[in-house]
Amino acid sequence: MKLFVVAAPLALVALIGCGEPEADSVDPGEATAGGISQAEVAERARDTIQPQPGQYRAVMEVLEVDIPGAPEGSGDMLRQMMDGQSHEYCLTQEDVDKGYEEMARQSQDGDCTFDRFDVDGGAIDALMTCTGEQSNTMRMAMTGTATPTSSVMNMTMTGDMTGMGESTLRMKATHERVGDCR
């Protein structure tokens, strides 16, 4: 399994306020290959619920693994490796103040582009396309909700993850504020 399969959805979580932005390398007004520019994504996200600064815990849950042609038990092994993984991070006031445009740049920097990004209050509906090292393409449908102190994102990733045919990976990422930054 390629790292981008897991990393790309986490970039979307960063977009809704649960991660640290990186410096941009793309003009924010430039349309991406997916058809939605970084500026459009940032504008759509701007009116969503702003996260509170603080210490957050992120937990991943694997809901489905379907990898045709993979050795028997590999889906269970992947589930064991990823299911329940958690980490904590600090979202500072500076991170929040930088705004969603910086976070949009981070999510689209590299091999992923947004085909759809719709927000309505705290509800999020997005579709990303990511290209891997060997030109295999993954499509990631994401739906979720966000509050000032939490977010829940359901992700369905489809594509040729391993070179063995069309595969599906469904995951759920939950982010929750657990206190002040340490």
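Look up a bit, the structure's there.
A. Representation of the side chain of T168 within the structure. Structurally, the position occupied by T168 is in strand β7 (residues 167–179). The residues touching T168, leaving out its near neighbours within four places in the chain, are E64, V65, D66, T156, M157, T158 and M161.

B. Focus on the state of the cysteines. Taken as a whole, this structure holds one disulfide when the rule is applied. One disulfide bridge connects C90 with C181, the sulfur atoms lying 1.9 Å from each other. The chirality of the disulfide connecting C90 with C181 is right-handed, given an S-S dihedral of about 90 degrees. Here the residue C90 occupies a position in strand β2 (residues 86–91), and C181 occupies one in the segment after β7, the gap between them amounting to 91 residues. Looking at C90, the relative accessible area reads 22%, which means it is partly exposed. By relative accessible area, which is 33% here, C181 ends up partly exposed.

C. Region of interest: the pattern of salt bridges. Considering all chains together, one arrives at six salt bridges under this definition. Close ionic contact of D115 with R139 constitutes a salt bridge, the shortest N to O distance being 3.2 Å. With a gap of 24 residues between them, D115 in strand β3 (residues 112–120) and R139 in strand β5 (residues 137–147) connect regions that are remote in the sequence. Judged by relative accessible area, which is 37%, R139 ranks as partly exposed. With a shortest N-O distance of 3.2 Å, D125 and R116 are connected by a salt bridge. On the basis of relative accessible area, D125 is assigned to the partly exposed category, the value being 28%. You can call R116 partly exposed: its relative accessible area is 29%.

D. Focus on the nonpolar core. If you look at the biggest cluster of nonpolar residues, it comprises 27 residues, and the most contacted ones within it are M155, L169 and M171. Secondary structure elements with two or more residues in this core: α2 (38–46), β1 (54–66), α3 (74–82), β3, β4 (123–131), β5, β6 (150–159) and β7. Counting five residues, the second largest nonpolar core, distinct from the first, contains A58, Y89, L91 and V96.

Criteria and thresholds
Residues numbered from 1 in each chain as written. Predicted model: local features only at pLDDT ≥ 70, side-chain atom pairs only at ≥ 80, totals over all residues. Heavy atoms only, no water. Helix = DSSP H or I, 4+ residues; strand = E, 2+ residues; numbered from the N terminus. Contact = heavy atoms within 4.5 Å. Disulfide = S-S within 2.5 Å. Buried < 20%, exposed > 50% of the residue type's maximum accessible area, 1.4 Å probe, protein only. Salt bridge = Lys/Arg side-chain N within 4 Å of Asp/Glu carboxyl O. Core = buried A, V, L, I, M, F, W, Y, C linked by side-chain atoms within 4.5 Å.

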